[in-house]
Amino acid sequence: MAGYVERKELDTKKVKECGLPVLWILGGPGSGKSTQCVMLSKVKEMIWINPEELANAEAEIPEPRGFQIKKVLESGGWKALDTPVIVDIIAEAMLDQLENWHGNPEGISKGFLIDGFPNSVAQAVEFVGRLLPATKIIHISLGPDSLIERLMAKGSTDFEANEMALSQFQQEVIPVLEKYQDKVIKVDGSEMSFLITADINTELMKHKL
């Protein structure tokens, strides 16, 4: 059970009624989710929402809620936050970016990219219930051995931690992909990053996204 974090009251009406597509970018640890979000945010002119970075930023705010979040992060990382709190953080960022995004000259985004979230069916249900349904889910697919190799190459040499991260993905995230399988676009994560972006873009264009 995560430590207590006070909740924020948010009016999410603007998010619910924005009419923008939402893409969940999912994949195993080290699969390149954030890399693709960086590239797709430019190619598709979409708002990139990174829950981990947002939680880390919240933890640095010198207020009670910031201290509470920091305590949870120190004990178990951002994924240890209670689901409603993570969705609070995401919702706040989505609301802010709808007003303050400057990714194109018009300042009007063409959608949202949700990086590495949801991490469980419960999180998916909470997100959909409070915000918006996923329009499509991008699954960057890599085998277990390749994922471990990627993590090691990035400097994550704690084998036990890597195995735990992979197990969490298989036990918690795979069921999300199965639950919403009609929305999943699966791409080969073993290709070079720009080729993966091209593959994703090609598939999205088929769906007029």
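See the structure printed just above.
Nothing here was measured: the structure is a model prediction, and the numbers come from that model.

Student: Help me understand the packing of aromatic side chains, please; the structure alone is not making it clear to me.
Tutor: Each aromatic ring pair is summarised here by two numbers: the centre-to-centre distance and the angle between the ring planes. For the structure shown, the criterion picks out three aromatic pairs. Aromatic side chains Trp24 and Phe127 sit 5.7 Å apart centroid to centroid with 85° between the ring planes, which places their arrangement in the edge-to-face category. One end of the pair, Trp24, is in strand E1 (residues 22-27); the other, Phe127, is in helix H6 (residues 121-130), and 103 residues separate them in sequence. For the pair Trp24 and Phe127, a shared accessibility class is recorded, and that class is buried. For the ring pair Phe117 and Phe127, a centre distance of 6.2 Å and an interplane angle of 55° mean the geometry is tilted. Here Phe127 lies in helix H6 and Phe117 lies in the loop between strand E3 (112-115) and H6, a separation of ten residues in the sequence. Of the two residues, Phe117 and Phe127, neither departs from the other in class, the shared state being buried. Feature note: the residues Trp24, Phe117, Phe127 and Tyr180 constitute an aromatic cluster, connected by ring pairs.

About the thresholds
Residues numbered from 1 in each chain as written. Predicted model: local features only at pLDDT ≥ 70, side-chain atom pairs only at ≥ 80, totals over all residues. Heavy atoms only, no water. Phe/Tyr/Trp six-rings, centres within 6.5 Å; stacked < 30°, edge-to-face > 60°. Helix = DSSP H or I, 4+ residues; strand = E, 2+ residues; numbered from the N terminus. Buried < 20%, exposed > 50% of the residue type's maximum accessible area, 1.4 Å probe, protein only.

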